[in-house]
Amino acid sequence: MGTISLSASFLLSNLLLLLCLHNEVAFGESNREALEIVIGGGGSYPPSPPPPPSPPPLPPCPPPPSPSDPNSRLKRVIPVIQRFQQRVKDDPFGCIKNMTLSVRRPLEICNNNTRFKCAAFPTDNKRAVAGIDFNGCKLNGYNNQLPLSDFLEKMGDITFFHSNSNNFSGVIPKEILSLPYFYELDLSNNKLNGSFPLEVLGARRLTFLDLRFNNFEGSIPRQLFTLDVDVIFINNNKFQQLLPDNLGSTPALYLTFANNYFTGPIPKSIGQASNTLVEVLFLGNFLTGCLPYEVGYLKNATAFDVSYNQLIGPIPLSFQCLFKIELLDLAYNQFYGQVPENICKLQTLTNFSLQYNYFTKVGPECRKMITKKRLNVEMNCIQDLPHQRSNYDCASFFSANKYHTCPDPESLTIIPCSNNHSSGSLGASDHQPMAVAPSPRSYHTLIPHRL
C-alpha cells in the first residue's frame with residue numbers, strides 16, 4: 001500500500017513538470033513572435049488599426065420657437081404716441097390727448113379712434129399704424145410750439161400723414177426719407193417755417209405733397225420737379241425767386257404756385273408736361289414777360305390761371321390747341337391786342353376771364369361767349385363794349401408800351417396742332433343755357449381749411 005502511494009505521487013509530480021515545461025516553451029515562442037512583429041521581422045497579418053475616436057456629444061436640442069407677436073409693430077409706436085400726447089396742450093376736438101393707450105392693449109389704437117388708420121404691414125402681415133389723419137384738429141403745444149420731430153419720423157410704418165389746420169411748428173424731420181412706404185404728406189395751414197424742406201426730396205415714394213399756407217420762404221429747388229408725384233401744392237407761402245427752368249419736367253397732375261412772390265417769366269419748359277399736367281395755378285405772384293407759346297402743348301390741361309401778375313403781350317395763337325381747357329384766367333395783367341377767335345371756339349371752355357387788361361378787339365365768336373357770360377372782358381380797351389377802361393387809361397398804357405415786343409414775337413403765331421381738331425363755332429344752340437362746369441380741384445387749395 002505504501003509502495004502504490006509512492007508510485008502514484010511520483011507519476012503526478014512528473015505530469016505537473018511536463019505541463020509547466022510545455023507552457024514555458026509556448027509562452028516564449030509567443031513573445032518572440034510578438035517581438036518580431038513589432039520590429040518588422042515577421043508575422044503573417046498586419047497589425048489591427050487603432051479604434052476610431054468617440055464622436056462628440058450631440059448639441060442640446062433648441063427650445064421650440066416662440067410664436068411671433070402679431071401686434072409688435074403697434075407696441076413699438078405706442079410709446080411714441082404717448083410722448084406726443086404729453087406735448088399737446090390744446091386739443092379742442094379730442095383728437096389725441098384723451099386717448100388711453102397701453103402696450104398691453106395695442107389694438108385699441110386701431111379700434112377706438114378714427115385718427116389712426118391701421119392695416120396689415122406688407123412684409124409680415126402684422127397690424128401696423130398705416131396712416132394718421134389730424135386734419136382740422138387744431139392741435140397746439142405748450143408755448144405755441146408743437147414740433148413734428150420725435151413723432152412723425154418715429155411712426156415707421158405710416159403711408160400718409162394728413163394734418164391740415166393745426167399748429168405744427170419748426171421744421172420737417174429729415175428722417176422721414178427713411179420711411180419705406182410714405183406716400184402722402186399734408187402739412188398745409190400750419191406754422192412751419194424756414195427754407196423749403198429739402199427732406200421731402202428724399203422721400204422717393206411720395207406722390208402727394210401739400211405745404212400750402214405755411215411760412216416757408218426763399219427759393220424752391222430744381223429737384224422738386226423731378227419727384228415722381230401727382231400733386232405739388234405750395235401756394236400761400238413766402239417763396240420768392242424765378243420759377244426754375246425745369247418746371248416742365250414734373251410728372252405732377254396738379255400744381256399750385258399761387259400767392260407767393262415768384263418773379264420772371266413762365267418757363268418755356270412747361271410744354272414738356274403736355275401728357276400729364278391737368279391744372280396749374282400761377283395767380284397772385286409777380287410774374288413778368290410774355291406767355292410762352294409752349295403752353296399750347298398742354299393737351300390735357302383743364303385749368304390754367306395766371307391772374308393777378310404783371311404779364312404782358314398778346315395771347316399766343318397756340319392757346320387754341322387747349323382742347324380740354326375749361327377754365328382760362330388771364331385777368332389782372334397787361335395783355336393787349338385782339339382776343340384770338342379760335343380760343344373762343346373751344347367747346348370745353350366755360351370760364352374765360354380777361355378783365356383788367358388792355359385788349360382792344362373781340363370777334364363774333366368771342367362776343368357770343370360774352371353774351372353767354374362765359375367770357376369776361378370788363379375793364380379793357382374795347383370801345384364798343386360797356387364797363388371798359390377810360391380812353392385816358394388806354395392811351396397812357398399804349399404810349400408807355402409802344403415799343404414793347406415779346407422776346408420771340410414769331411412764336412406767338414405758332415399753332416402746334418392740326419386744323420382737324422378745330423372745335424368749330426358755338427353754333428345755333430348758343431342761346432340755350434349751358435351746364436356750369438365743376439370747379440377745378442386746384443382752387444380748393446386756396447382755402448386754408450379745405451381740400
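Nothing here was measured: the structure is a model prediction, and the numbers come from that model.

Draft legend 1. Highlighting the overall build of the protein chain. A count of helices and strands for the protein chain gives six helices and 23 strands. Looking at the protein chain as a whole, 45% of its 451 residues qualify as buried. A fraction of 54% describes how many contacts in the protein chain between residues 6 or more apart in sequence connect residues 24 or more apart. Looking at the protein chain as shown, the accessible area adds up to about 23900 Å², and 57% of this sits on carbon and sulfur atoms.

Draft legend 2. The side chain of Ser353, seen in detail. Its location among the elements puts Ser353 in strand S21 (residues 351-353). The class of Ser353 is buried, set by a relative accessible area of 9%. Ser353 has contacts with Leu328, Asp329, Leu330, Ala331 and Asn376, leaving out every residue within four places of it along the chain.

Draft legend 3. Local environment of the pattern of salt bridges. Taken as a whole and judged by the stated rule, the model has 13 salt bridges. Residue Asp157 is joined to Arg76 by a salt bridge in which the shortest nitrogen-to-oxygen separation is 3.7 Å. Here the residue Asp157 occupies a position in the loop between strand S4 (140-141) and strand S5 (160-162), and Arg76 occupies one in helix H2 (residues 72-87), the gap between them amounting to 81 residues. A salt bridge links Arg83 to Asp150, with the shortest nitrogen-to-oxygen separation between them at 3.2 Å. Remark: Asp150 occurs in the loop between S4 and S5 and Arg83 occurs in helix H2; sequence separation between them is 67 residues. Connected through salt bridges with shared partners, the residues Arg73, Arg76, Asp124 and Asp157 form a single ionic network.

Draft legend 4. Examining the packing of aromatic side chains more closely. Overall, the coordinates contain 26 aromatic pairs when judged by the stated rule. For the pair Tyr261 and Phe286, a centre-to-centre distance of 6.0 Å together with 10 degrees between the ring planes defines the contact as stacked. With Tyr261 in the loop between strand S13 (254-256) and strand S14 (263-264) and Phe286 in strand S16 (residues 286-289), this residue pair connects regions lying 25 residues apart in the sequence. Its relative accessible area of 41% is what places Tyr261 among the partly exposed residues. Look at Phe286 and you get partly exposed, because its relative accessible area is 38%. Among the aromatic residues, ring-to-ring pairing joins Phe196, Phe216, Phe225, Phe239, Phe257, Phe262, Phe282, Phe304 and Phe319 into one connected group. Taking NZ or CZ as reference, Arg389 lies 4.1 Å from the ring centre of Tyr358, over its face.

Draft legend 5. Focus on the sheet that holds S14. If you trace the five strands from one edge of the open sheet to the other, you get S14-S16-S18-S20-S22, paired in parallel fashion. The open sheet terminates on both sides in strands that have one partner only, identified here as S14 and strand S22 (358-361). Looking at chain direction, strand S18 (residues 310-313) and strand S20 (residues 334-338) are connected through two bridges and run parallel. In the strand pairing of S20, Gly313 is matched with Phe335. Each of S18, S20 and S22 is contacted by helix H6 (residues 391-400), which is oriented at about 105 degrees to S22, the strand it contacts most.

Draft legend 6. View of the sheet that holds strand S6 (residues 169-170). Taken together, the four strands give an open sheet; going across it, the order is S6-S8-S10-S12, and neighbouring strands pair in parallel fashion. Of all strands in the sheet, those bounded by a partner on one side alone are S6 and strand S12 (238-239). The pairing of strand S10 (residues 215-218) with S12 spans two bridges and is classified as parallel. Bridged to Glu217 within S12 is Lys238.

Draft legend 7. Seen up close, the nonpolar core. Core analysis: the biggest nonpolar cluster contains 93 residues, and Phe134, Phe161, Leu185, Phe257, Phe282, Phe304 and Phe352 have the highest contact counts within it. Counting only elements with at least two residues in this core, the list comes to H2, helix H3 (108-111), strand S2 (116-120), strand S3 (127-133), helix H4 (341-344) and helix H5 (364-371). For this core, the element with the highest residue contribution is H2, accounting for six residues. Look past the residues within four positions of Phe257 in its chain and what remains in contact with it is Ile220, Phe225, Ile234, Asn235, Leu243, Leu247, Phe262, Val280, Leu281, Phe282 and Asn285.

Draft legend 8. Region of interest: the state of the cysteines. Tallied over the entire structure, the rule returns six disulfides. Between the sulfur atoms of Cys110 and its disulfide partner Cys118 the distance amounts to 2.1 Å. On the sign convention where negative is left-handed, the bridge of Cys110 and Cys118, at about -85 degrees about the S-S bond, is left-handed. The disulfide bridge from Cys344 ends at Cys366, spanning 1.9 Å between sulfur atoms. Taking the sign of the S-S torsion, 95 degrees for the link of Cys344 and Cys366, the bridge is right-handed. Note that Cys344 is positioned in helix H4 and Cys366 in helix H5, a separation of 22 residues in sequence. You can call Cys344 buried: its relative accessible area is 0%. With relative accessibility at 0%, the residue Cys366 sits in the buried group. Once the bonded cysteines of the protein chain are numbered in order along the sequence, the disulfide links fall as 1-4, 2-3, 5-11, 6-12, 7-8, 9-10.

Draft legend 9. Structural context of unusual backbone geometry. Phi at Asn143 is positive, roughly 60 degrees, even though this residue is not glycine. In this structure, Asn143 sits in the loop between S4 and S5. What makes Asn143 exposed here is its relative accessible area of 70%. Notably, Tyr332 is not glycine yet its phi reads approximately 60 degrees, a positive angle. Positionally, Tyr332 belongs in the loop between strand S19 (327-329) and S20.

Draft legend 10. How the structure looks around H2. The largest bend along H2 measures about 25 degrees and falls at Ile78, with the proline Pro79 one to four residues further on. Buried within H2 we find Arg73, Leu74, Val77, Ile78, Val80, Ile81, Phe84 and Gln85. The secondary structure elements touched by the buried residues of H2 are strand S1 (88-90), H3, S2 and S3.

Calculation rules
Residues numbered from 1 in each chain as written. Predicted model: local features only at pLDDT ≥ 70, side-chain atom pairs only at ≥ 80, totals over all residues. Heavy atoms only, no water. Helix = DSSP H or I, 4+ residues; strand = E, 2+ residues; numbered from the N terminus. Buried < 20%, exposed > 50% of the residue type's maximum accessible area, 1.4 Å probe, protein only. Contact = heavy atoms within 4.5 Å. Areas by Shrake-Rupley, 256 points an atom, 1.4 Å probe, with all protein chains shown as cover. Salt bridge = Lys/Arg side-chain N within 4 Å of Asp/Glu carboxyl O. Phe/Tyr/Trp six-rings, centres within 6.5 Å; stacked < 30°, edge-to-face > 60°. Lys NZ or Arg CZ within 6 Å of the ring centre and 35° of its normal. Pairing = 2+ DSSP bridges. Axes fitted to C-alpha atoms, helices over the stretch in contact; angles between N-to-C directions. Core = buried A, V, L, I, M, F, W, Y, C linked by side-chain atoms within 4.5 Å. Disulfide = S-S within 2.5 Å. Bend = angle between axes of the 7 residues up to and from the residue.

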